[in-house]
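Close look at the chain arrangement
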Amino acid sequence: SALRSLPATPALPQQQLRPCLQLFAVLQWIFSFLVMGLLALVILIYLFFTGLWPVSALYISWILLDWDTPETGGRRSHWVRNWAIWNYFRDYFPIKLVKTHSLPPGRNYIIGSHPHGILCIAAFCNFSTESTGFSKKFPGIRPYLATLAGNFRLPLLREYMMSGGLCPVNRKAISYVLSQSGCGNAVVIVVGGAAESLSCQPGITTVILSRRRGFVRLALEQGADLVPSFSFGENELYQQVQFPEQSILRTAQWKFQKLFGFAPCFFYGRGITSIESKGFLPYPRPITTVVGEPISVPKIQDPSPQTVDLYHNMYKCSLLKLFHEHKTQYGLTEDAELRIL
């Protein structure tokens, strides 16, 4: 009877539990992509000098045997792409995927993703998970998000990334997907790359595209249709310390990016305890990714520079049209402009 008189411990209310799960989902994602690979590498090296050295030896042997897998279609996992944690990740911001035109599964595609932002959060959520319903919106299409090839050389991180359908952003990997895997494949390329992240700041929409023609040449060589996509709100997730053009620090950033493939941005977001505190978490601001109309591309084994320029200009016009048609609907003003460098 004494036990019956004790008050029951109340369960954590749903309205408190859900934000905690959303915060955890974002935390684990940042840890996975910024820390996991390097931490796993340190642990493997450490184990070599302990009685558990066979563990390191076996895993390194496996990596050597499996070395080319990221560039030959990878090893995606439907189970990983559908983890419930990605729904909490989506809802933290929230992130939404908008379809404007169908992508027939009888063709292959190169989807240009703009802008890069700091961490390409919308591109990952939309194309490497099923939380925003890519497979339902575009039935029969398998998305492959292309990212830095160096990430696939890091232990554990390579397995994690391949399970989500990521592939190296190089000619060999992209050509394999578009030529050896049948139809219904869509390689997603963040065209502006790491260099574009240096121009990322709230209120300014800048994309690096004018000199980026390699993805158009690849599309022509493989006969893959070009599709523009734009993520409204991606640049609002972090504040970045901007250095003046021609300054020593700005020049150092550019040189570092050219040498190592990624740019050392000095950015900050919110802290773990509250939105008002400073930290490394992105601000919870809405992102809407709009996928535009495909541009039909013929297959030309060795396209001329003039042909590449023609389809590059068609893509640029299509991206501008997509931006201006949807900007006011997703948080920008009527006079907002898209700067193309």
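No experiment lies behind these values; they were computed from the predicted model shown.

1. Observations concerning the UniProt feature "transmembrane region" (unreviewed entry) in the chain
In the numbering used here, UniProt assigns the feature "transmembrane region" (unreviewed entry) to residues 26-49. Counted over residues 26-49, helix gives 92% and strand 0%. Its end C-alpha atoms are 34 Å apart.

2. What to know about the side chain of Gln222
Secondary-structure assignment places Gln222 in helix H11 (residues 214-222). If near-sequence neighbours (up to four positions away) are discounted, Gln222 is found in contact with Ser175, Leu178, Ser179 and Lys299.

3. A few points about empty space enclosed by the protein
Applying the stated criterion across every chain, the model contains two cavities of 30 Å³ or more. Size it by volume and the largest cavity reaches roughly 50 Å³. Lining the largest cavity, in full, are Phe33, Val80, Trp86, Phe124, Ser128, Thr129, Tyr160, Met161, Ser163, Gly164 and Leu166. A per-element tally of the lining of the largest cavity places helix H8 (residues 157-163) first, with three residues.

4. Quick look at the layout of surface pockets
If you add up the space inside the second largest pocket, you get close to 250 Å³. Lining of the second largest pocket is provided by 18 residues; of these, Phe232, Gly233, Glu236, Tyr330 and Leu332 occupy positions nearest its centre. Of all the elements in the fold, those that place two or more residues in the lining of the second largest pocket are strand E7 (225-232) and strand E11 (287-291). Here the element with the most residues in the lining of the second largest pocket is E7; it accounts for three residues. Tallied by class, the residues present in the lining of the second largest pocket amount to eight nonpolar, seven polar and three charged.

5. Considerations on the environment of Lys321
Tracing the sequence through the fold places Lys321 in helix H13 (residues 305-326). Of the residues examined, Lys321 reaches a relative accessible area of 48% and is grouped as partly exposed. Between the alpha carbons of Lys321 and Pro228 there is a distance of 9.9 Å; along the sequence they are 93 residues apart.

6. Digging into the packing of aromatic side chains
Counting across every chain of the model gives 20 aromatic pairs. With a centroid separation of 5.5 Å and an interplanar angle of 50°, the aromatic rings of Trp29 and Phe124 are classed as tilted. Placement of the pair is Trp29 in helix H2 (residues 14-47) and Phe124 in helix H6 (residues 121-127), with a sequence separation of 95 residues. The pair formed by Trp29 and Phe124 is uniform in burial state, with each residue classed as buried. Where Phe232 meets Phe323, the ring centres are 5.8 Å apart and the plane angle is 20°; that geometry is what we call stacked. Taken together, the residues span a long stretch of sequence, with Phe232 in strand E7 and Phe323 in helix H13 at a distance of 91 residues. Comparing Phe232 with Phe323, the two get one shared label, buried.

7. Looking at the pattern of salt bridges
All chains considered together, the criterion is met by 11 salt bridges. A salt bridge links Asp91 to Arg18; its shortest N-O distance comes to 2.8 Å. Note that Asp91 is positioned in helix H5 (residues 85-92) and Arg18 in helix H2, a separation of 73 residues in sequence. The class for Arg18 is partly exposed, based on a relative accessible area of 31%.

8. So, the confidence of the model for the chain
On average, the chain scores 90 in pLDDT, and the residues at 70 or more come to 88%. Ignoring residues within four places in sequence, the model shows residues 1-6, a span with pLDDT below 50, making zero contacts including any to other chains.

9. Quick word on helix H3 (residues 53-65)
Compared with an ideal rise of 1.5 Å per residue, which puts 13 residues at 18 Å, H3 spans 19 Å between its outermost C-alpha atoms and is within 8% of the ideal. Within H3, burial applies to Ser56, Tyr59 and Ile63. Take H3 and look down its axis: the buried residues cluster within an arc of 70°, on one side only. Every exposed residue of H3 that faces more than 90 degrees away from the buried side is listed here: Leu58, Leu64 and Leu65.

10. Focus: the sheet that holds strand E4 (residues 166-168)
Spatial strand order, E1-E11-E7-E2-E5-E3-E4: seven strands in an open sheet with mixed pairing. Each edge of the sheet is formed by a strand with only one pairing partner; in this case those strands are strand E1 (95-99) and E4. For this sheet, the mean inter-axis angle between neighbouring strands, taken without regard to orientation, is 25°. The pairing of strand E3 (residues 142-147) with E4 spans three bridges and is classified as parallel. If you follow Thr147 over to E4, its bridge partner there is Pro168. Its contacts with the sheet place helix H9 (residues 171-180) against strand E2 (109-114), E3, E4 and strand E5 (185-190), and it is angled at close to 155° to E5.

Analysis parameters
- Residues numbered from 1 in each chain as written.
- Predicted model: local features only at pLDDT ≥ 70, side-chain atom pairs only at ≥ 80, totals over all residues.
- Heavy atoms only, no water.
- UniProt positions renumbered as here; feature names shortened; annotations may be inferred.
- Helix = DSSP H or I, 4+ residues; strand = E, 2+ residues; numbered from the N terminus.
- Contact = heavy atoms within 4.5 Å.
- 1 Å grid on protein atoms, 1.4 Å probe; cavity = no way out; pocket = protein on both sides within 12 Å on 5 of 7 lines; lining within 4 Å.
- Points joined across faces, edges and corners; volume = space filled by probe spheres on them.
- Nonpolar A, V, L, I, M, F, W, Y, C, P; charged D, E, K, R; others polar.
- Buried < 20%, exposed > 50% of the residue type's maximum accessible area, 1.4 Å probe, protein only.
- Phe/Tyr/Trp six-rings, centres within 6.5 Å; stacked < 30°, edge-to-face > 60°.
- Salt bridge = Lys/Arg side-chain N within 4 Å of Asp/Glu carboxyl O.
- pLDDT = per-residue confidence, 0-100.
- Expected span 1.5 Å × (residues − 1).
- Arc of directions from axis to C-beta.
- Pairing = 2+ DSSP bridges.
- Axes fitted to C-alpha atoms, helices over the stretch in contact; angles between N-to-C directions.

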